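Chains, contacts and geometry: an overview
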Amino acid sequence: MVPRGDRSGAVIEPYLTDQWYVRVGELAAPAIAAVESGRIRFVLQLDKTYFQWMRNIQDWCISASCGGGTGFGVV
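The following refers to the structure shown. (Residues numbered from 1 in each chain as written. Predicted model: local features only at pLDDT ≥ 70, side-chain atom pairs only at ≥ 80, totals over all residues. Heavy atoms only, no water.)

1. Considerations on the overall build of the protein chain
Put simply, the rule is: Runs of E in the DSSP output that reach at least two residues are strands. Runs of H or I that reach at least four are helices, and both are numbered from the N terminus. Any residue under 20% of the maximum accessible area for its type is buried, any over 50% is exposed, and the rest in between are partly exposed; the area is computed with a 1.4 Å probe on protein chains only. A contact between two residues is defined here by any heavy atoms of the two lying within 4.5 Å. Using the Shrake-Rupley algorithm and a 1.4 Å probe, accessible areas are obtained, with residue cover drawn only from the displayed protein chains.
Assigned secondary structure in the protein chain consists of 3 helices and 2 strands. N-terminal to C-terminal, the α/β element order of the protein chain is β-α-α-β-α. Taking all 75 residues of the protein chain together, the buried fraction comes to 16%. Residue pairs at least 24 apart in sequence account for 44% of intrachain contacts in the protein chain once pairs closer than 6 positions are excluded. When the accessible surface of the protein chain is split by element, carbon and sulfur atoms take 56% of a total near 6,900 Å².

2. Quick notes on the packing of aromatic side chains
Heads up, the rule is: Each aromatic pair joins two rings of Phe, Tyr and Trp (for Trp, the six-membered one) with centres within 6.5 Å, and gets the label stacked for planes under 30 degrees apart, edge-to-face for over 60, and tilted for any other angle.
Following the criterion strictly, the structure yields 2 aromatic pairs and no others. Between the aromatic rings of Tyr50 and Phe51, the centroid separation amounts to 5.6 Å while the plane-to-plane angle is 65 degrees, which identifies the pairing as edge-to-face. You'll find Tyr50 and Phe51 in the same group, each marked buried.

The following block contains the structure:
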């Protein structure tokens with residue numbers, strides 16, 4: 001099977017590159033503890049959403065950001 005573009009029908013060739021990831025699971029544990037202990041509180045009731053997201057967090061692929069694409073979400 002040859003992959004083709006939906007609109008043009010042109011053949012799409014894979015462009016494999018190295019993928020770089022940041023392990024964010026290690027950062028999630030202290031962040032969860034801060035909310036559970038009350039050190040950090042949400043103005044809106046986002047606790048359920050926050051805990052669901054943080055307990056199921058996946059490593060963050062930064063490959064696009066490293067190559068001059070989008071910036072890192074860090075201030």
